[in-house]
Amino acid sequence: MIYSDDGSTNNFCTLGPSFRNASGWMASPPLTAPAGKLLLYAEHTSTDSGQAYTSLIARAGDGVTAADLTLDDGTQVTATVENGWAVAWWPGSQQLASAQLTTASGTQTQPFPASPCGLHNCNGGG
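Residues numbered from 1 in each chain as written. Predicted model: local features only at pLDDT ≥ 70, side-chain atom pairs only at ≥ 80, totals over all residues. Heavy atoms only, no water.

(A) Quick look at the pairing of strand β9 (residues 96-103). Across 6 bridges, strand β6 (residues 66-71) lies against β9 in antiparallel orientation. Looking at the pairing, leucine 71 lines up with leucine 96 of β9. Sheet topology places β9 next to strand β10 (residues 106-111); 6 bridges connect them, and they run antiparallel. Residue pairing in the sheet places glutamine 100 in a bridge with threonine 109 of β10. Hairpin remark: β9 followed by β10, antiparallel, with 2 residues in the connecting loop. (Pairing = 2+ DSSP bridges. Helix = DSSP H or I, 4+ residues; strand = E, 2+ residues; numbered from the N terminus.)

Written as structure tokens, this is what we have:
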């Protein structure tokens, strides 16, 4: 779940079968995603009871109604897209490689190339 005011103050809460995680952040001015794209806010791997899980938070641009994520090992994850946000979590430490985004005009693939330090580039993907 994401709790947000105008997009500048945001709080994120993940509830899983055996874990809970909460975080918050501020952006000034609020960041927006281009129409039909995702803007990756955070992708973070955590460990709970010895098990890794990764969570993703992204702004969804106007028109994005669904996002199917492909991880770097080929695993597919369906994100929840609502109110201008996309969120997902999955077991393990695999990272986002691309997203298949659904809009009124069809679907398109948005790549998320990794940088040399192992994190995604700061422009939110290609």
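(B) Spotlight on the sheet that holds β10. The strand order across the open sheet built from 7 strands is β4-β5-β8-β7-β6-β9-β10, with neighbouring strands paired in antiparallel fashion. What marks the edges here is a single partner per strand, and that holds for β4 (38-48) and β10. Taken pair by pair, the neighbouring strands of this sheet meet at an average axis angle of 20 degrees, ignoring direction. (Axes fitted to C-alpha atoms, helices over the stretch in contact; angles between N-to-C directions.)

(C) Up close: unusual backbone geometry. Unusually for a residue other than glycine, asparagine 83 sits at a positive phi of about 55 degrees. With a relative accessible area of 68%, asparagine 83 lands in the exposed category. (Buried < 20%, exposed > 50% of the residue type's maximum accessible area, 1.4 Å probe, protein only.)

(D) Main features of the packing of aromatic side chains. Using the criterion set out here, one finds 2 aromatic pairs in the structure. Ring geometry for tyrosine 53 versus tryptophan 89: centroids 6.4 Å apart, planes at 85 degrees, classification edge-to-face. Taken together, the residues span a long stretch of sequence, with tyrosine 53 in strand β5 (residues 51-60) and tryptophan 89 in strand β8 (residues 85-91) at a distance of 36 residues. The exposure class assigned to tyrosine 53 is buried, which follows from its relative accessible area of 6%. (Phe/Tyr/Trp six-rings, centres within 6.5 Å; stacked < 30°, edge-to-face > 60°.)

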